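# Commentary on secondary and tertiary structure
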Amino acid sequence: MPIFTTYDGTKLSYRTTGEGEPLVCVPGGPMRAAEYLGDLGGLGAGRQLILPDLRGTGDSAVAADPATYRVDRQVADLEALRSHLGLDRMDLLAHSAGALLAQLYAAAHPQRLRRLVLVTPNATAVGLPATPEDRLAAVRLRAGTELYDTAASAYVRFLAGETEDDEVWELIQPVFYGRWDEAARAHAEAGDRQQNEQAAEAYADPGAFDPAATRAALRALTAQVLVLSGEYDGNPRPELADRLAALFPNGTRDTQPGAGHFPWLDDPQWFAARVERFLSAA
């Protein structure tokens, strides 16, 4: 895998797949190795996907200073990757917690983005966190079957802080996927080995976000922005995704039918076609 050196000497890796215009794809988790993104539902058929492992994940080196796992500190890593790739402006896709990094990058380097895709994004960086009510409302859309009724009951306990044990977490997993099939199970099971838990705990440490300043900075962003939510996803619900899209001068929102938090797994063809249509038209 290609390696580059970021601002503090840390060696970071990335994987490439596909051919065509480059699209840098930031993983979420937080701090989950980019492996879980796969080829984003076949999006690499018309794009060269550049899939970086954030510091301390996948094949990237562990940070010498754990404080640099904080998301705002990683903006410099993303800028170092852009410079390493020789891109004057880049198309950027970010998933879930990775969208926090993308939002902070867009605020700091608006002139370096051409198009931005935020997939089931966390919007805490701009003061729009998903609430427990948002998350439970999404789960209840599928009430009436034992699988989701059990998941909803476990989720209530988890969100209330009553328990965080592995057994309860396993019961909750189906709510993050549009279909709870073998592919979804394998994807969920891989999460533990793909995530750097120490880095994840530091990702949103105090001081990482200044929502008012970030919102103000994003007004200067000329890039086209697509916020893509999932019909069954609780983070964000489509209504919250609308509010996020409205913060961008050229923002739009779409919702993938039948999708959870990982929409490229639920309907790869729909996902890849919608993202490609946005990237081609912008």
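Just so it is clear, the structure is predicted and the values come from calculations on it, not from any experiment.

### Regarding the side chain of Arg-55
- Relative to the helices and strands, Arg-55 resides in the loop between strand 4 (47–52) and helix 1 (75–85).
- A residue is classified by how much of its surface remains accessible, and Arg-55, at 0% relative accessible area, is buried.
- At a separation of 3.0 Å, a polar atom in the side chain of Arg-55 contacts the side chain of Asp-8.
- Within the structure, the side chain of Arg-55 is placed 2.7 Å from the side chain of Thr-68, a separation counted as a polar contact.

### Quick word on the sheet that holds strand 5 (residues 90–95)
- Spatially, eight strands are ordered 1-2-4-3-5-6-7-8 in an open sheet, and the strand pairing comes out mixed. Both edges of this open sheet fall to strand 1 (3–5) and strand 8 (251–256), since each of them pairs with a single strand only. This sheet shows a mean twist of 25 degrees between the axes of neighbouring strands, independent of strand direction.
- Each of strand 3 (21–26), strand 5 and strand 6 (113–119) touches helix 2 (residues 98–108); the most contacted strand, strand 5, lies at about 145 degrees to it.
- Here helix 10 (residues 238–245) sits on the sheet in contact with strand 6, strand 7 (224–230) and strand 8, set at roughly 160 degrees to strand 8.

### A short note on helix 2
- Taken across its eleven residues, helix 2 has ten buried, putting it largely inside the fold.
- Regarding helix 2, the residues found buried are Gly-98, Ala-99, Leu-100, Leu-101, Ala-102, Gln-103, Leu-104, Tyr-105, Ala-106 and Ala-107.

### Structural notes on the packing of aromatic side chains
- Per the stated rule, a full pass over the model turns up eleven aromatic pairs.
- For the pair Phe-4 and Tyr-14, a centre-to-centre distance of 6.2 Å together with 50 degrees between the ring planes defines the contact as tilted. Remark: Tyr-14 occurs in strand 2 (residues 11–17) and Phe-4 occurs in strand 1; sequence separation between them is ten residues. Across the pair, exposure class does not vary: Phe-4 and Tyr-14 are buried alike.
- An aromatic cluster of at least three residues, connected via ring pairs, comprises Tyr-36, Tyr-177, Trp-180, Phe-262, Trp-264 and Phe-271.

### As for the environment of Phe-176
- Within the element layout of this structure, Phe-176 appears in the loop between helix 5 (166–172) and helix 6 (182–189).
- Using a relative accessible area of 15% as the deciding quantity, one classes Phe-176 as buried.
- Sequence separation of Phe-176 and Asp-72 is 104 residues, and the distance between their C-alpha atoms is 26 Å.
- Leaving out residues up to four positions away in the same chain, Phe-176 has contacts with Tyr-155, Trp-169, Gly-260, His-261 and Phe-262.

### A closer look at the pattern of salt bridges
- Enumeration over the complete set of coordinates arrives at 15 salt bridges.
- When the shortest N-O distance is used, the salt bridge between Glu-21 and Arg-114 registers 3.2 Å. Linking Glu-21 in strand 3 with Arg-114 in strand 6, this pair joins segments that are 93 residues apart in sequence.
- Judged by its relative accessible area of 41%, Glu-21 is partly exposed.
- Of the residues examined, Arg-114 reaches a relative accessible area of 28% and is grouped as partly exposed.
- Between Glu-35 and Arg-193 there is a salt bridge, with the nearest N and O atoms lying 3.0 Å from each other. Here Glu-35 is found in the loop between strand 3 and strand 4, whereas its partner Arg-193 is found in helix 7 (residues 191–194), with 158 residues between them in sequence.
- You can call Glu-35 partly exposed: its relative accessible area is 43%.
- A relative accessible area of 60% means that Arg-193 is categorised as exposed.
- Among the ionic contacts, a cluster of salt bridges with common partners joins Glu-21, Arg-47, Asp-91, Arg-114, Arg-115 and Glu-276.

Each value, and the rule that gives it
Residues numbered from 1 in each chain as written. Predicted model: local features only at pLDDT ≥ 70, side-chain atom pairs only at ≥ 80, totals over all residues. Heavy atoms only, no water. Helix = DSSP H or I, 4+ residues; strand = E, 2+ residues; numbered from the N terminus. Buried < 20%, exposed > 50% of the residue type's maximum accessible area, 1.4 Å probe, protein only. Polar contact = N/O pair within 3.5 Å; in protein donor to acceptor, adjacent residues only side chain to side chain. Pairing = 2+ DSSP bridges. Axes fitted to C-alpha atoms, helices over the stretch in contact; angles between N-to-C directions. Contact = heavy atoms within 4.5 Å. Phe/Tyr/Trp six-rings, centres within 6.5 Å; stacked < 30°, edge-to-face > 60°. Salt bridge = Lys/Arg side-chain N within 4 Å of Asp/Glu carboxyl O.

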